[in-house]
Amino acid sequence: MTADEKIRQTLTLSAVRATIDQADAAGRGVGSRADLAGIADQLRAHIEELLPIGRAHAEQMWRGDTSWYSLTARLDRIQNQIGEGLGVEVLGAHVQVRLLAVDCQWLLERYGSERAESESR
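Residues numbered from 1 in each chain as written. Predicted model: local features only at pLDDT ≥ 70, side-chain atom pairs only at ≥ 80, totals over all residues. Heavy atoms only, no water.

When you go through the protein residue by residue, the secondary structure sums to four helices and zero strands. Helices and strands appear in the protein in the N-to-C order α-α-α-α. Residue pairs in contact within the protein that sit at least 24 positions apart in sequence constitute 72% of those at least 6 positions apart. Surface summary for the protein: the accessible area is close to 7000 Å², and the carbon and sulfur share equals 54%. (Helix = DSSP H or I, 4+ residues; strand = E, 2+ residues; numbered from the N terminus. Contact = heavy atoms within 4.5 Å. Areas by Shrake-Rupley, 256 points an atom, 1.4 Å probe, with all protein chains shown as cover.)

Printed below as a string of structure tokens:
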């Protein structure tokens, strides 16, 4: 991997981490619904980039194994979660953003390095 590829990989993963940090900060503060909607959109975009890597990983697993079932169920729940709206009230928006941030963090920890490798090719 060249130096430029390493920099691009770091910037990409840093962008995902920065969005997760924004979601965490918004959860501690009193952000407006518009702010939360912007963060939720960014989180959804990151999740949509990471989710196919998780699906590909699940496809390589034996379907009779409980770990395959657990992974597939989690990925399905995440897929459903990104389709949910923020809700009308600010509290509902805070909850939704927090759920998206947790899912994004989970995907990043497991598949972020694979995403970065695929981008460097």
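Counted at 1.5 Å a residue, the expected span for helix α3 (residues 66-82) with its 17 residues is 24 Å, and the 24 Å between its end C-alpha atoms agrees. Residues of α3 that are buried include every one of Trp-68, Leu-71, Thr-72, Leu-75, Ile-78, Gln-81 and Ile-82, and no others. (Expected span 1.5 Å × (residues − 1). Buried < 20%, exposed > 50% of the residue type's maximum accessible area, 1.4 Å probe, protein only.)

Moving on to a nonpolar patch on the surface. A cluster of nonpolar residues, Leu-91, Val-95 and Leu-99, forms a patch on the protein surface that exposes about 280 Å² of accessible area. As for its position among the elements, Leu-91 is in helix α4 (residues 90-120). Leu-91 gets classed as exposed once you look at its relative accessible area, which sits at 64%. (Patch = residues over 30% accessible without salt bridge, like charges linked within 9 Å, V, L, I, M, F, W, Y side chains within 5 Å. Salt bridge = Lys/Arg side-chain N within 4 Å of Asp/Glu carboxyl O.)

Enumeration according to the criterion identifies one aromatic pair in this entry. The ring of Trp-106 carries Arg-74 above its face, with NZ or CZ at 4.3 Å from the centroid. (Phe/Tyr/Trp six-rings, centres within 6.5 Å; stacked < 30°, edge-to-face > 60°. Lys NZ or Arg CZ within 6 Å of the ring centre and 35° of its normal.)

Of all residues in the protein, 84% attain a pLDDT of 70 or more, and the chain-wide mean is 87. Mean pLDDT values for the elements of the protein range from 74 in helix α1 (residues 3-28) up to 97 in α3. Residue range residues 3-11 is modelled with pLDDT below 50. Its contacts to residues more than four positions away, or to other chains, number six contacts. (pLDDT = per-residue confidence, 0-100.)

What follows deals with the pattern of salt bridges. The final tally for this structure, using the stated rule, is seven salt bridges. The salt bridge involving Glu-59 is made with Arg-63; its shortest N-O contact spans 2.8 Å. Between Glu-109 and Arg-110 there is a salt bridge, and its shortest N-O distance comes to 3.5 Å. Overall, the relative accessible area of 56% leaves Glu-109 in the exposed class. The class of Arg-110 is partly exposed, set by a relative accessible area of 39%.

Between its first and last C-alpha atoms helix α2 (residues 33-59) spans 37 Å; for 27 residues at 1.5 Å apiece the expected length is 39 Å, and the two agree. Along α2, the sharpest change in direction is near 25° and occurs at Leu-50; proline Pro-52 comes one to four residues later. (Bend = angle between axes of the 7 residues up to and from the residue.)

Our next topic: the environment of Leu-51. Tracing the backbone through its elements, the reader meets Leu-51 in helix α2. For Leu-51, a relative accessible area of 4% puts it in the buried group. Leu-51 sits 53 residues away from Cys-104 along the chain, and the two C-alpha atoms are 9.1 Å apart. When neighbours within four sequence positions are excluded, Leu-51 is seen to be in contact with Leu-75, Ile-78, Gln-79 and Leu-107.

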